[in-house]
Amino acid sequence: MNILILGSGGREHTFAYKIAQSDLCDQLFVAPGNAGTAAIATNVSVAVTDFAEIKALVRKENIEMLVVGPEDPLVQGISDYFQEDAELKDIVVIGPSKRGALLEGSKERAKEFMAIHHIPTAAYQSFTEESLVAGKAFIETLAPPYVLKADGLAAGKGVLILQDLEEAKTELENMLTNKKFGAASEKVVIEEFLDGIELSVFVLTDGKNYVTLPTAKDYKRIGEGDTGLNTGGMGAISPVPFADAAFMSKIEEQIIKPTVDGLAKENIDYKGFIFIGLIKVGNDPKVIEYNVRMGDPETEAVLPRVKNDLVSLFQHVGNQTLDQVKLEIDKRSATTVMTVSGGYPEAYEKGKEITGIESIEDSIVFHAGTKFEGDKVVTNGGRVIAITSLDDNFKKALQKSYQNIKKLHFDTMCYRKDIGFDLAP
Ligand code: AMP
Ligand code: GLY
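Residues numbered from 1 in each chain as written. Chains lettered and ligands numbered in written order. Predicted model: local features only at pLDDT ≥ 70, side-chain atom pairs only at ≥ 80, totals over all residues. Heavy atoms only, no water.

(A) Seen up close, the site of ligand 2. Around ligand 2, the structure places Asp218, Gly232, Phe275, Arg293, Gly295, Asp296, Pro297 and Glu298. Backbone polar atom of Gly232 to a nitrogen atom of ligand 2: 2.9 Å apart, as the coordinates give it. Interatomic distance of 2.9 Å between a backbone N/O atom of Asp296 and a nitrogen atom of ligand 2. The protein chains hide 87% of the 200 Å² of surface that ligand 2 would expose on its own. Across the shell around ligand 2, the residue classes break down as two nonpolar, two polar and four charged. (Near = heavy atom within 4 Å. Polar contact = N/O pair within 3.5 Å; in protein donor to acceptor, adjacent residues only side chain to side chain. Areas by Shrake-Rupley, 256 points an atom, 1.4 Å probe, with all protein chains shown as cover. Nonpolar A, V, L, I, M, F, W, Y, C, P; charged D, E, K, R; others polar.)

(B) The site of ligand 1, seen in detail. Around ligand 1 sit 13 residues in total, of which Glu191, Glu192, Leu194, Glu198 and Glu289 are the nearest. The separation between an oxygen atom of ligand 1 and a polar side-chain atom of Lys107 is 3.1 Å. In this structure, an oxygen atom belonging to ligand 1 sits 2.9 Å away from a side-chain N or O atom of Glu289. Notes on ligand 1: free accessible area 470 Å², of which the protein chains cover 87%.

(C) Structural detail: the side chain of Thr37. Relative to the helices and strands, Thr37 is located in helix α2 (residues 35-40). At a separation of 2.7 Å, a polar atom in the side chain of Thr37 contacts the side chain of Asn43. Residues within four places of Thr37 in sequence aside, it is in contact with Glu12, His13, Ala16, Val30 and Asn43. (Helix = DSSP H or I, 4+ residues; strand = E, 2+ residues; numbered from the N terminus. Contact = heavy atoms within 4.5 Å.)

(D) Broad picture of the pattern of salt bridges. Evaluated as defined, the whole model comprises 32 salt bridges. Between Arg11 and Glu12 there is a salt bridge, with the nearest N and O atoms lying 2.8 Å from each other. Accessibility classification places Arg11 together with Glu12 in one group, the buried group. Two residues, Glu129 and Lys179, come together in a salt bridge whose shortest N-O distance is 3.4 Å. Of this pair, Glu129 sits in the loop between β6 (124-128) and α8 (132-140) while Lys179 sits in the loop between α9 (165-176) and β9 (187-191), and the two are 50 residues apart along the sequence. (Salt bridge = Lys/Arg side-chain N within 4 Å of Asp/Glu carboxyl O. Buried < 20%, exposed > 50% of the residue type's maximum accessible area, 1.4 Å probe, protein only.)

(E) View of the sheet that holds strand β22 (residues 383-391). Sheet architecture is open: five strands sit in the order β12-β15-β18-β22-β19, paired in antiparallel fashion. Edge strands, defined here as strands with exactly one partner in the open sheet, are β12 (217-218) and β19 (364-367). Of the strand pairs in this sheet, strand β18 (residues 333-340) and β22 are connected by eight bridges, and their pairing is antiparallel. Across the sheet, residue Ser333 finds its bridge partner in β22, namely Asp391. With respect to the sheet, helix α13 (residues 394-405) is in contact with β15 (235-238), β18 and β22, its orientation differing from that of β22 by roughly 140°. (Pairing = 2+ DSSP bridges. Axes fitted to C-alpha atoms, helices over the stretch in contact; angles between N-to-C directions.)

Following this line, the structure appears as structure tokens:
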């Protein structure tokens with residue numbers, strides 16, 4: 001069959017890498033894609049939220065499966081758009097309906113969902129401009145640090161964690177009254193601070209059945225030792241060494257099952273990934289957030305460990321037969337290190353020539369913000385190229401990634417040299 005992937009990051013290159021290996025895939029398209037996807041698929045210059053153009057492409061190229069990478073088209077309802085169109089409704093869409101995508105699109109909705117289905121998470125209340133005074137009074141009842149979350153999508157920047165009481169109250173006002181994050185902060189969730197170590201769990205569901213993919217830990221801050229501004233993610237490790245069988249069984253019983261059952265009970269059409277951000281508090285998992293897609297760069301560490309044919313897995317999602325699937329996971333550890341443009345996550349320059357890609361050995365190169373300029377590959381984003389390696393443990397895998405990164409070059413290239421610093425091997 002012909003397949004279309006939406007997106008242009010390392011996540012989408014990883015999907016393309018796996019899908020291109022499948023005998024079930026005839027022609028593979030990526031919109032808009034990057035220089036990495038261009039080498040194994042056909043890139044098409046269509047924006048991920050331009051549903052009419054996506055429909056035209058699907059019709060023209062006889063696409064039978066649509067794999068949605070980022071959250072924006074899902075929150076805007078691309079899955080419903082396909083379902084409601086007589087010419088598109090038989091196409092398998094990997095990505096939930098708009099109601100499902102609200103688990104990521106609204107923090108308040110995610111908290112309500114967890115409350116209804118008894119899923120462990122931080123205590124919270126939510127506020128609007130009208131209830132600003134009550135919001136400030138609520139902050140006064142909490143102990144620092146204070147956690148303020150813009151309700152809507154804010155490109156990963158909508159969460160503030162503040163030590164100072166007065167600053168927390170001022171920021172609440174900035175968010176609600178002064179629309180610090182635009183419409184996304186017209187509502188703000190204030191929640192209890194959870195102290196612990198983070199990890200992520202990835203679930204692929206057909207709305208009834210599910211499979212749990214390998215765990216991963218992502219390194220979000222730009223600076224070593226987890227300092228500085230938040231980024232989309234500077235590296236990832238899979239599996240997470242501290243997520244042993246006993247802890248995973250708690251996650252499955254207390255979080256994954258009630259989440260999938262909750263979606264079914266609420267009659268939410270959900271065929272796609274659930275990315276559950278967790279924090280281990282003492283010995284117990286609590287949910288920090290839901291995302292309705294795979295993570296980036298987590299995908300680059302997780303999917304290379306999944307031995308199953310990805311297209312076959314997606315077909316089972318489409319037919320609601322995931323109960324017939326047994327996942328086969330590579331026991332080795334995977335590490336991903338992301339190279340970024342100098343200045344990222346703030347302003348940075350694009351168009352720098354990237355050299356050395358072809359000299360990388362024994363690691364997988366996943367392109368993120370890259371494009372072809374003539375026959376040169378140049379930088380085209382903040383996150384540029386991810387290097388994934390597999391080995392018996394994550395330390396050995398990391399060594400491979402770091403050795404190979406030394407062969408890569410572009411002007412202003414940066415990367416974190418301490419991925420995994422907080423984990424025992
Ligand atoms: P989110 O966008 O909800 O994932 O939040 C971004 C980051 O803020 C998370 O990855 C955590 O590091 C941190 N965070 C969010 N909520 C909490 C919380 N309740 N307690 C502690 N840290 C949090
Ligand atoms: N790496 C975090 C995310 O994809 O949201």
